[in-house]
Amino acid sequence: MPASVSIRVILVRPLHSSNVGLICRVMKNFGFYDLVIVQPARKNVKTKTAYMYAKHSREVLENARVVPTLEAAVSDRQLVVGTTGVPNRFHRQLKHCIALPELRGRLKGKVALVFGSEGSGLNEAETNACDVLVYVPTNADHTVLNVSHAVAVVLHALSGMTWQPDPDAASLQQRRVLEAKFVRLISGADRIKDKKKVALSFRKLLSKARPTQDEVRTLMAGLAGLEKRGKKP
């Protein structure tokens, strides 16, 4: 299976129509067509400028979808890869930040590649929504790429891969349902002082484990049993 079938490119809060158009162009350069845009600065991202920069790739722009949240863009994905030009940013959250060459061996199934806004990149909540974060090794004197350049470099690195489907892996949406069940369970535990930290740790654990759909269902049943036990008088 070619990589282009399994990868979705997601732009979060893009500012400039020119970059949206350029990204459509580099996507088609490397054979990728699935583009989703989250909360663009302009309500209409399909501007005359965007089409001008999306030279010979207008179908990518025409078929691009705009959604209100990152969760909506990635809910059906099995692996969510965020990108950053500043690996040490949010260093407590970015313990799982790797260089682009290391990414190839970790990819299979339905993948989202998430790129942040030109002005600020991905914020802390958005990085926490990703399973893994990746950076492009660059000259130490200037580490941050323009978003269209970053998309081009990442897609070029992945375009020649033969992709392995992962039909048993749980989707992000299924994992989020399990997380919500876990959060409800610990909400009544008075001895857990930092519930937010515990919930985030559980999310990271699921991200690294990449559980199967059957494993998620089994854990859901286990948590439901604990929940019922806790409600007994």
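Look a little higher up for the structure.
My aim in this report is to walk through the structure given alongside it, one point at a time. Quick caveat, the model's predicted, so the values are computed rather than measured.

What counts as what
- Residues numbered from 1 in each chain as written.
- Predicted model: local features only at pLDDT ≥ 70, side-chain atom pairs only at ≥ 80, totals over all residues.
- Heavy atoms only, no water.
- Helix = DSSP H or I, 4+ residues; strand = E, 2+ residues; numbered from the N terminus.
- 1 Å grid on protein atoms, 1.4 Å probe; cavity = no way out; pocket = protein on both sides within 12 Å on 5 of 7 lines; lining within 4 Å.
- Points joined across faces, edges and corners; volume = space filled by probe spheres on them.
- Nonpolar A, V, L, I, M, F, W, Y, C, P; charged D, E, K, R; others polar.

Describing unusual backbone geometry
A positive phi angle, close to 45°, is found at Gln39, a residue other than glycine. One non-glycine residue with positive phi stands out, namely Arg210, at about 45°. Within the secondary structure, Arg210 sits in the loop between α10 (195-209) and α11 (213-231).

As for the layout of surface pockets
Counted as a void, the second largest pocket has a volume near 430 Å³. If you trace the second largest pocket, you find 28 residues lining it, with Thr84, Gly85, Gly121, Val144 and Leu145 closest to the centre. For the lining of the second largest pocket, the secondary structure elements donating two or more residues are β7 (132-135) and α8 (147-158). Split into classes, the residues belonging to the lining of the second largest pocket amount to 14 nonpolar, 12 polar and two charged.

Quick notes on empty space enclosed by the protein
For the structure on display, the rule yields two cavities of 30 Å³ or more. Put simply, the largest cavity is a space of about 60 Å³. Surrounding the largest cavity, Pro14, Leu15, His16, Ser17, Val20, Pro40, Ala41, Arg42, Asn44 and Val45 form its lining. Each residue belonging to the lining of the largest cavity can be placed in one class, and the counts come to six nonpolar, three polar and one charged. Taken as a whole, the second largest cavity holds about 50 Å³ of empty space.

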